[in-house]
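# Chain and residue survey
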Amino acid sequence: MMRFFWIREERTPPFNGSFNATHKWRLPGVKCNACGVTWGGAGHQYPSVDLSHLPERSRFVRPWPVPVSELAQLRERIRPWVPSGVQLPPGTQLGPLEGTASGRFGPLTSQGDILWLVRRDALERLQAQGIKGLLGCKTELRFRQKEPPELLELQIEPRGRLHPDCLPSDLAPPCDACGRVALRLPDEPLLDAASLPVDRDVFRVGDYATVIVCTERFMETVRQLGLEGMAFRELPTRG
């Protein structure tokens with residue numbers, strides 16, 4: 001049986017690279033009149049999406065909340081350019097990462113365990129070992145140093161879900177209007193084995209997209225190649 005692991009950041013000397021950046025475009029947050037909650041999701045990031053051709057692209061740079069009806073309109077406007085079948089909750093981020101960066105970057109660098117940058121040479125080594133589903137997207141990070149590294153952002157898409165056995169028995173259903181689920185990450189997450197993808201070695205948990213998971217094959221390859229920056233915690237699965 002395939003084993004799966006939760007990917008977390010692991011800082012290792014001599015690497016001290018850091019960045020302060022955000023994506024070029026985003027869906028705004030939502031103010032829902034039905035459930036009364038103003039919110040935006042995290043972990044839904046599609047750096048490969050290019051909205052520069054949209055005449056109304058300025059509508060995708062404002063983070064403040066909009067009504068559910070306006071969010072639905074904006075969501076459908078970008079639907080043709082995002083990966084097929086993905087959810088687009090309020091707060092979804094799109095386009096290249098923009099901002100500043102400094103320091104010495106290792107092969108793999110995280111921002112809050114939610115976003116991962118990879119040096120191009122490290123990505124090519126992983127792909128050469130047959131790791132599936134890795135998409136590295138160009139960034140627009142500004143360095144002060146000469147000859148900065150080429151850093152790509154991994155586009156990690158949501159797949160699979162948490163197993164019902166680790167969720168509260170009284171979990172309320174999603175809001176009919178905005179889709180919000182009032183779910184707190186369980187202390188001991190359990191993955192639903194039947195829902196997990198077979199076409200990629202790294203993915204986000206579909207119903208909790210800030211949790212990034214990899215296969216045992218990916219973890220072993222990272223360690224064999226000596227690619228520093230990631231720590232791994234096994235997550236159990238249940239059928």
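Treat the numbers as computed from the prediction; the structure is a model and nothing was measured.

### A look at the nonpolar core
Counting residues in each nonpolar core, the largest one holds 23 residues, and the members touching the most others are I7, F218 and F232. Elements supplying a minimum of two residues to this core: strand 1 (4–9), strand 9 (115–119), helix 2 (120–128), strand 12 (151–154), strand 16 (208–215), helix 3 (216–225) and strand 17 (230–235). With 4 residues, the single largest contributor to this core is helix 3. For F232, the residues in contact, after removing those within four places along its chain, are F5, W6, I7, C214, F218, M219, V222 and R223. Core analysis: the second largest hydrophobic core is formed by 20 residues, L51, V66, L71 and L88 among them.

### Looking at the sheet that holds strand 9
Ordered by their spatial adjacency, 4 strands build an open sheet running 8-9-12-10, and the pairing between neighbours is antiparallel. Sheet topology places strand 8 (108–111) and strand 10 (136–138) at the edges, where each strand pairs with a single neighbour. Averaged over all pairs of adjacent strands, the angle between their axes in this sheet comes to 40°, without regard to strand direction. Two elements, strand 8 and strand 9, share 4 bridges in a ladder whose sense is antiparallel.

### Structural notes on helix 3
Looking only at helix 3, the buried set comprises E216, F218, M219, T221, V222 and L225. Next to the buried residues of helix 3 lie strand 1, strand 8, helix 2, strand 15 (202–205), strand 16 and strand 17. After helix 3 finishes, the residue G226 shows a positive phi value of roughly 70°.

### Focus on the sheet that holds strand 3 (residues 30–31)
Taking strand neighbours across the sheet as the criterion, the 3 strands line up as 4-3-6 in an open arrangement whose pairing is mixed. At either margin of the open sheet sits one strand with a lone partner, and together these are strand 4 (38–39) and strand 6 (66–67). As paired elements, strand 3 and strand 6 share 2 bridges and run parallel to each other. Looking at strand 6, one finds that K31 is bridged to P67.

### Brief notes about the pattern of salt bridges
Using the criterion set out here, one finds 19 salt bridges in the structure. Across the pair R8 and D113 runs a salt bridge, and its minimum N-O distance is 3.3 Å. Of this pair, R8 sits in strand 1 while D113 is found in the loop between strand 8 and strand 9, placing the two residues 105 residues apart along the sequence. Among the residues examined, R8 registers a relative accessible area of 31% and is labelled partly exposed. A salt bridge links R79 to E76; the shortest N-O distance between them is 3.4 Å.

### Let's talk about the environment of W81
Relative to the helices and strands, W81 resides in the loop between helix 1 (68–78) and strand 7 (93–102). Along the sequence, W81 and S48 sit 33 residues apart, while their C-alpha atoms lie 9.2 Å from each other. At 3.3 Å, the side chain of W81 and the side chain of H53 are in polar contact.

What counts and what doesn't
Residues numbered from 1 in each chain as written. Predicted model: local features only at pLDDT ≥ 70, side-chain atom pairs only at ≥ 80, totals over all residues. Heavy atoms only, no water. Core = buried A, V, L, I, M, F, W, Y, C linked by side-chain atoms within 4.5 Å. Buried < 20%, exposed > 50% of the residue type's maximum accessible area, 1.4 Å probe, protein only. Helix = DSSP H or I, 4+ residues; strand = E, 2+ residues; numbered from the N terminus. Contact = heavy atoms within 4.5 Å. Pairing = 2+ DSSP bridges. Axes fitted to C-alpha atoms, helices over the stretch in contact; angles between N-to-C directions. Salt bridge = Lys/Arg side-chain N within 4 Å of Asp/Glu carboxyl O. Polar contact = N/O pair within 3.5 Å; in protein donor to acceptor, adjacent residues only side chain to side chain.

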